[in-house]
Amino acid sequence: MTQPRTILLTGAAGGVGTFLRQSLPGYGYRLRPADLRPLKGEPDALVFDVRDAEAVRAAVRGVDAIVHLGGIALEDTFEAILGANIQGCHNLYEAARREGVRRIVFASSNHAVGFVPLPEAGSGRLIGSDIPTRPDTYYGLSKVFGEGLASLYADKYGVQSVSIRIGSCYPAPTTVRMLSTWLSPADCGRLVHAALSAPDVGHTVVNGISANTRAWWDLSTARALGYVPQDNAEAYAEALLAAHGELPPDHVDARLIGGYFTELEPEPEREPAPELAPGE
Ligand code: NAI
Ligand code: 15L
């Protein structure tokens with residue numbers, strides 16, 4: 001496949017979207033940014049809700065490929081996740097099929113496999129991207145749905161996708177867990193470029209992290225697309241460990257891929273309303 005040129009970037013106003021708006025043009029892409037929120041300094045950016053199928057179809061028209069980041073990036077109520085992440089993702093794939101767009105990069109997440117136990121410390125074992133899914137939240141479940149939709153549309157309609165199970169994509173790691181899960185902004189650009197330009201991906205699921213010394217994820221499927229990570233969270237280890245110490249082995253962040261997400265509830269526990277006294 002020749003490298004696509006015009007890319008619809010959903011979720012362009014968010015954290016990862018901002019990194020990609022900075023890095024992708026350097027690989028020769030022309031971006032069509034889109035978000036629910038207007039983009040500061042980019043008056044031509046599209047503003048729409050991915051739950052709106054007509055708006056999604058209009059946004060997709062004429063692009064060569066899509067990078068789909070738009071949606072809720074944390075745990076939320078099932079209803080909220082259903083609209084933004086599940087319905088929104090379906091709208092996007094259906095628009096791609098109808099408009100003849102043949103490549104999508106889908107921002108999946110480590111939380112699609114969040115309940116998978118981590119390898120024992122010191123075992124040297126790495127976890128591949130071919131493991132059965134074990135979502136840790138409704139949010140993670142929506143990423144499982146997105147991966148399933150990508151598989152369906154590749155097999156049935158030839159809309160090819162790479163689903164990237166992103167670890168933690170931030171300017172720098174800020175927790176001890178992120179020494180394993182960090183995906184640097186520059187490596188995110190490298191990985192998305194590989195996912196957009198690799199030939200014949202069908203539907204490929206890859207793990208998305210930098211070349212972290214403490215990684216417990218295997219990067220072979222990402223490397224097979226041409227991804228060569230350049231950054232390593234270890235550069236931040238001394239400072240983070242001095243501030244927080246090593247994770248105790250029974251800490252949830254040391255036991256499960258999804259770490260603390262496995263303990264999140266979709267809604268905060270509410271105090272029960274006080275009972276009314278007779279006559280009130
Ligand atoms: P973010 O919350 O900063 O950005 C998401 C963007 O989507 C926001 O700008 C928001 O306005 C937009 N959005 C939300 N609902 C929408 C809707 N209904 N219609 C249109 N746009 C909508 O999140 P971030 O961190 O930039 O993540 C981007 C993507 O990558 C998300 O899909 C997230 O699930 C995924 N991801 C991010 C990780 C990270 O470490 N940042 C890790 C794993 C996955
Ligand atoms: C995600 O999927 C979230 O979108 C992001 O906010 C981070 O929390 C990340 O995973 C993570 O696990 O660090």
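Residues numbered from 1 in each chain as written. Chains lettered and ligands numbered in written order. Predicted model: local features only at pLDDT ≥ 70, side-chain atom pairs only at ≥ 80, totals over all residues. Heavy atoms only, no water.

Trainee: What exactly am I supposed to notice about the site of ligand 1 here?
Mentor: As a structural note, the neighbourhood of ligand 1 is formed by 26 residues, with Val 16, Asp 35, Arg 37, Tyr 139 and Cys 169 the closest of them. Within the backbone of Gly 15, an N or O atom sits 2.9 Å from an oxygen atom of ligand 1. One nitrogen or oxygen atom from the side chain of Asp 49 is found 2.8 Å from a nitrogen atom belonging to ligand 1. In isolation ligand 1 offers 810 Å² of accessible surface; the protein chains occlude 86% of this area. Mapping ligand 1 onto the cavity grids shows that it belongs to the largest pocket. Counting residues per element, the ones that place at least two in the shell around ligand 1 are helix H1 (15-23), strand E5 (103-109), helix H4 (138-157) and strand E7 (168-169). Counting residues per element, the shell around ligand 1 draws most heavily on E5, which supplies 3 residues. (Near = heavy atom within 4 Å. Polar contact = N/O pair within 3.5 Å; in protein donor to acceptor, adjacent residues only side chain to side chain. Areas by Shrake-Rupley, 256 points an atom, 1.4 Å probe, with all protein chains shown as cover. 1 Å grid on protein atoms, 1.4 Å probe; cavity = no way out; pocket = protein on both sides within 12 Å on 5 of 7 lines; lining within 4 Å. Sits in = over half its atoms within 2 Å of the grid points. Helix = DSSP H or I, 4+ residues; strand = E, 2+ residues; numbered from the N terminus.)

Trainee: What is the right way to read the sheet that holds strand E1 (residues 6-10) from this model?
Mentor: The pairing of strands in a sheet happens through backbone hydrogen bonds and is either parallel or antiparallel. The strand order across the open sheet formed by 7 strands is E3-E2-E1-E4-E5-E6-E9, and the pairing between neighbours is parallel. The strands lining the two open edges of the sheet, one partner per strand, are strand E3 (46-47) and strand E9 (203-208). The strands that helix H3 (residues 78-99) touches are E1, strand E4 (65-68), E5 and strand E6 (160-166); relative to E5, the one it contacts most, it runs at about 165 degrees. (Pairing = 2+ DSSP bridges. Contact = heavy atoms within 4.5 Å. Axes fitted to C-alpha atoms, helices over the stretch in contact; angles between N-to-C directions.)

Trainee: Got a minute to help me understand the environment of Ile 104 in this structure?
Mentor: The residue Ile 104 is located in strand E5 in this model. Separated by 55 residues in the primary sequence, Ile 104 and Val 159 have C-alpha atoms spaced 7.4 Å apart. Filtering out sequence-adjacent residues up to four positions away, Ile 104 remains in contact with Ile 66, Leu 92, Tyr 93, Ala 96, Val 159, Gln 160, Ser 161 and Val 162.

Trainee: I would appreciate a short explanation of the site of ligand 2 in the present structure.
Mentor: Every residue near ligand 2 is listed here: Ala 73, Leu 74, Ser 109, Asn 110, His 111, Tyr 139, Gly 167, Ser 168, Tyr 170, Arg 177, Tyr 260 and Phe 261. Asn 110 places a polar side-chain atom, nitrogen or oxygen, 3.0 Å from an oxygen atom of ligand 2. One nitrogen or oxygen atom from the side chain of Tyr 139 is found 2.6 Å from an oxygen atom belonging to ligand 2. Taking 320 Å² as the accessible area of ligand 2 by itself, protein coverage stands at 87%. Looking at side-chain class alone, the shell around ligand 2 contains 6 nonpolar, 5 polar and 1 charged residues. (Nonpolar A, V, L, I, M, F, W, Y, C, P; charged D, E, K, R; others polar.)

Trainee: It is not clear to me how the packing of aromatic side chains should be interpreted in this structure. Could you clarify?
Mentor: Centre-to-centre distance and the angle between the planes together describe a pair of aromatic rings. Inspection of every chain in the model, using the stated rule, returns 7 aromatic pairs. On the numbers, 5.7 Å between centres and 70 degrees between planes, the contact of Tyr 93 with Tyr 153 is edge-to-face. With Tyr 93 in helix H3 and Tyr 153 in helix H4, the pair connects residues that are 60 residues apart, well separated along the chain. Relative to Phe 261, the ring of Tyr 260 lies with its centre 5.1 Å away and its plane at 70 degrees, an arrangement referred to as edge-to-face. Judged by its relative accessible area of 41%, Tyr 260 is partly exposed. Judged by relative accessible area, Phe 261 falls into the buried class, the value being 4%. Among the aromatic residues, ring-to-ring pairing joins Tyr 93, Tyr 153 and Tyr 157 into one connected group. One cation-aromatic arrangement involves Arg 97 over Tyr 157; the distance from NZ or CZ to the ring centre is 4.7 Å. (Phe/Tyr/Trp six-rings, centres within 6.5 Å; stacked < 30°, edge-to-face > 60°. Buried < 20%, exposed > 50% of the residue type's maximum accessible area, 1.4 Å probe, protein only. Lys NZ or Arg CZ within 6 Å of the ring centre and 35° of its normal.)

Trainee: Can you walk me through the pattern of salt bridges in this structure?
Mentor: One pass over the structure, following the stated rule, counts 12 salt bridges. For the salt bridge of Arg 51 with Asp 49, the shortest nitrogen-to-oxygen distance reads 2.6 Å. We classify Arg 51 as exposed; its relative accessible area is 51%. With a shortest N-O distance of 3.4 Å, Arg 214 and Glu 246 are connected by a salt bridge. (Salt bridge = Lys/Arg side-chain N within 4 Å of Asp/Glu carboxyl O.)

Trainee: Which parts of the structure should I look at to understand the packing of H1 against helix H6 (residues 185-197)?
Mentor: Packed helices, taken two at a time, are described by the angle their axes make and the gap between the axes. As a packed pair, H1 and H6 sit with axes 9 Å apart at the nearest point and diverge in direction by 70 degrees. Of the possible angle classes, the one that applies to H1 and H6 is roughly perpendicular. Between H1 and H6, the contacting residues are Val 16, Phe 19, Leu 20 and Ser 23 on the first element and Pro 185, Cys 188, Gly 189 and Val 192 on the second. Broken down by class, the residue content of the contact of H1 with H6 amounts to 6 nonpolar, 2 polar and no charged. (Parallel < 35°, antiparallel > 145°, perpendicular 65-115°, else oblique.)

Trainee: Is there a simple way to think about empty space enclosed by the protein in this case?
Mentor: It is the rolling of a water-molecule-sized probe over the atoms that shows where space remains empty. Taken as a whole and judged by the stated rule, the model has 1 cavity of 30 Å³ or more. Each pocket or cavity is described by its volume, and for the largest cavity that value is around 60 Å³. What lines the largest cavity is simply Leu 20, Val 67, Leu 69, Val 105, Phe 106, Ala 107, Ile 164, Ile 166, Leu 183, Cys 188, Leu 191 and Val 192. Within the residue set of the lining of the largest cavity, elements represented by two or more residues are E5, E6 and H6. Here the residues of the lining of the largest cavity sort into 12 nonpolar, no polar and no charged. (Points joined across faces, edges and corners; volume = space filled by probe spheres on them.)

By themselves, these observations are geometric and do not establish any function.
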